[in-house]
Amino acid sequence: MSKELFDKGEQIRREVLGEEYVVASTKGTDAFSEPMREFAIKNLWGDIWNRPGLDRRARSIGVLSILTAQGRTGELKTHIRAALNNGVTRAEIGEVFLQAAMYCGIPAGSEATRVAKLLFAELDAS
């Protein structure tokens, strides 16, 4: 089961985050960080992201909300891109951040919006 979860997780991870991101993050893995990478791929991607209860689009919206609430802007950029890959529109991403601002505070929503604007500009320039 563990190998199956890892393989399925790696597949989903590539589909959601994109090949370029996965290759770059894998290159940064060493003996110390490998156990965490394997744990995340099996459990987060192979199990949770593979569950039938929510589609990937809904999962992305949830992740954006959670990362905004926690102020995890580094990870937020990755998951804004993933949300776009999963069919969430830029307008919907903006709505997620407005909603989060009401529950988590204006600074959290504003910072998430700032991160999204920078990523959108980066995507538009390429």
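Just above sits the structure.
Thresholds, definitions, all that
- Residues numbered from 1 in each chain as written.
- Predicted model: local features only at pLDDT ≥ 70, side-chain atom pairs only at ≥ 80, totals over all residues.
- Heavy atoms only, no water.
- Helix = DSSP H or I, 4+ residues; strand = E, 2+ residues; numbered from the N terminus.
- Expected span 1.5 Å × (residues − 1).
- Buried < 20%, exposed > 50% of the residue type's maximum accessible area, 1.4 Å probe, protein only.
- Arc of directions from axis to C-beta.
- Polar contact = N/O pair within 3.5 Å; in protein donor to acceptor, adjacent residues only side chain to side chain.
- Contact = heavy atoms within 4.5 Å.

Draft legend 1. Focus on helix α6 (residues 90-104). For α6, spanning 15 residues, the distance from its first C-alpha to its last is 20 Å, which sits close to the expected 21 Å at 1.5 Å a residue. If you check which residues of α6 are buried, you get I93, V96, F97, A100 and A101. One side of α6 holds all its buried residues, which, seen down the axis, span an arc of 140°. Facing away from the buried surface of α6 by more than 90 degrees, the exposed residues are A91, E95, L98, M102 and Y103.

Draft legend 2. Main features of the side chain of N86. Take N86: it is sitting in the loop between α5 (73-85) and α6. Within polar-contact distance, the side chain of N86 engages the side chain of S60 at 2.8 Å. What N86 contacts, discounting residues up to four positions off in sequence, is V16, W49, R56, R57 and S60.

Draft legend 3. Region of interest: helix α1 (residues 2-17). Between its first and last C-alpha atoms α1 spans 22 Å; for 16 residues at 1.5 Å apiece the expected length is 22 Å, and the two agree. Burial in α1 covers these residues: F6, G9, E10, I12, R13, V16 and L17. As for α1, its buried residues are in contact with α2 (19-27), α3 (34-45), α4 (56-70) and α5. Looking one or two residues past α1, G18 carries a phi angle of roughly 95°, positive in sign.

Spatial relationships are all this shows, so hold off on functional conclusions.
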